[in-house]
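# Structure at a glance
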Amino acid sequence: TWHLKKIPQIVNERTFSLDSPKFEAKTKLELNSVCGIECQRKLPVPSLSDLKDLLSYETIFENGTRTLTEVNVLGLVLDPAGNTTTRGSSRKKRQIYGTDSRFSIYDKRFMTNFPFNTAVKISTGCSGILVSPKHVLTAAHCLHNGKDYVKGSKRLRVGLMKTKSRGGGRKQRRSGRKQGTSDGMPSFQWTRVKSTHIPKGWFKGVSEDIALDYDYAVLELKRPHKRKYMELGISPTIKMMPGSMIHFSGFDNDRSGQLVYRFCSISDESNDLFYQYCDAEPGSTGSGIYLRLKEPNKKKWKRKIIAVYSGHQWVDVNGEQQDYNVAVRITPLKYAQICFWIHGNDENCTQG
């Protein structure tokens, strides 16, 4: 069941103008030197003033102007337990672990319907997910490398799936080409991005280059889309998930032009991250990870986004480099922040 939690409030304190960024960073789809499970266990619990700093955020607008908003956090109960992690099974190296368990979705009826239609392509090479009539959730490192915005993010666009029409039938038949050759491939309707929010916790110098905990961003589209989107949920612990299974769809680079779906179980978790071995290739980074649970006191099931897929990471575990596929969990604090970015007020964000 989805358990409703009372959400802390994030309120804007003040907003400053910043210089326009250079937009010179290279997009990196695989991150190194990340604080892994062992390292996370040793990290101190962030204090309230740390959290205010980490959750302050930059907004960049399509004309290149940029602001920094400082926030206050109200109604938060700090967890003294620290960055505890729970452990599942261990495994071998590689992004595709053993048998490739990904599914390419070819059928139009699936591709253009919920939940698959919520997957979008980001023009910097990542994926994302629709979270409101005009907002997309993705990974921060698809847009910013911690020091500067990536080259392609100056004219950022989001591709919404539309299946190719069977147009040009007569010409196709005359040339002897089979109809429907392009049928299963989605084409994209590209929409400009009006503004982008990235938490300050993602920037080097604030997070001291360690954690992926703040690898998420929200894009506001210039025009609302008319599609069904997926709601945010608060990420339950592994124990509270049916079969500890998660699901996500994105546009993996090795399957060009295809929507790729996968599901798998989570192996480890910290307060802010899930460590899992879902088969995924670069390109699916930024996908929304979702679960299907029962609504409280109803017979209905509901899918909600509980994490953002951060991608394949090399992390230090006991001084050795190991690889994982990592996802950033939507905690009550992150729910409050993302919800505030979407609605512009916190009245709609009191229950997660």
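Below, the structure is looked at part by part.

The rules we used
- Residues numbered from 1 in each chain as written.
- Predicted model: local features only at pLDDT ≥ 70, side-chain atom pairs only at ≥ 80, totals over all residues.
- Heavy atoms only, no water.
- Core = buried A, V, L, I, M, F, W, Y, C linked by side-chain atoms within 4.5 Å.
- Buried < 20%, exposed > 50% of the residue type's maximum accessible area, 1.4 Å probe, protein only.
- Helix = DSSP H or I, 4+ residues; strand = E, 2+ residues; numbered from the N terminus.
- Contact = heavy atoms within 4.5 Å.
- Salt bridge = Lys/Arg side-chain N within 4 Å of Asp/Glu carboxyl O.
- Arc of directions from axis to C-beta.
- Phe/Tyr/Trp six-rings, centres within 6.5 Å; stacked < 30°, edge-to-face > 60°.
- Lys NZ or Arg CZ within 6 Å of the ring centre and 35° of its normal.

### Digging into the nonpolar core
Counting 66 residues, the largest nonpolar core has Leu 55, Ile 122, Leu 137, Val 158, Tyr 216 and Leu 232 as the members making the most contacts within it. Here the element with the most residues in this core is helix α5 (residues 332-343); it accounts for eight residues. In contact with Leu 55, other than residues within four places in its own chain, are Ile 10, Val 71, Val 73, Tyr 214, Tyr 216, Leu 333 and Gln 337. Listed in part, the 15 residues of the second largest apolar core include Ile 266, Cys 278, Tyr 309 and Ala 327.

### Description of the pattern of salt bridges
Any two side chains of opposite charge can pair, given that their charged atoms come close. Enumeration over the complete set of coordinates arrives at nine salt bridges. A salt bridge links Lys 200 to Asp 53, with the shortest nitrogen-to-oxygen separation between them at 2.7 Å. Pair noted here: Lys 200 is in the loop between β10 (186-199) and β11 (217-221) and Asp 53 is in helix α2 (residues 48-55), with a separation of 147 residues, a long-range link. Judged by relative accessible area, which is 19%, Lys 200 ranks as buried. For Asp 53, a relative accessible area of 32% translates into the label partly exposed. Residues participating in the shared-partner salt-bridge network are Glu 62, Arg 192 and Lys 222.

### Concerning α2
Within the span of α2, buried status applies to Leu 51, Leu 54 and Leu 55. The arc that holds every buried residue of α2, seen down its axis, measures 85°, which confines them to one face.

### Considering the packing of aromatic side chains
Applying the stated rule across the entire model yields six aromatic pairs. Here the aromatic rings of Phe 188 and Trp 190 are separated by 5.8 Å at their centres, their planes lie at 50°, and the arrangement is tilted. Overall, Trp 190 belongs to the partly exposed group, its relative accessible area being 34%. Plain terms: the ring middles of Phe 188 and Phe 251 are 5.2 Å apart, the flat faces sit at 80° to each other, and that makes the pair edge-to-face. Of this pair, Phe 188 sits in strand β10 while Phe 251 sits in the loop between β13 (245-250) and β14 (259-269), placing them 63 residues apart in sequence. The class of Phe 188 is buried, set by a relative accessible area of 16%. Owing to a relative accessible area of 3%, Phe 251 belongs among the buried residues under this scheme. Pairwise contacts between aromatic rings join Tyr 57, Tyr 214, Tyr 216 and Trp 341 into one cluster. In this arrangement the basic side chain of Arg 157 is found over the ring face of Trp 190, its NZ or CZ atom lying 4.8 Å from the centre.

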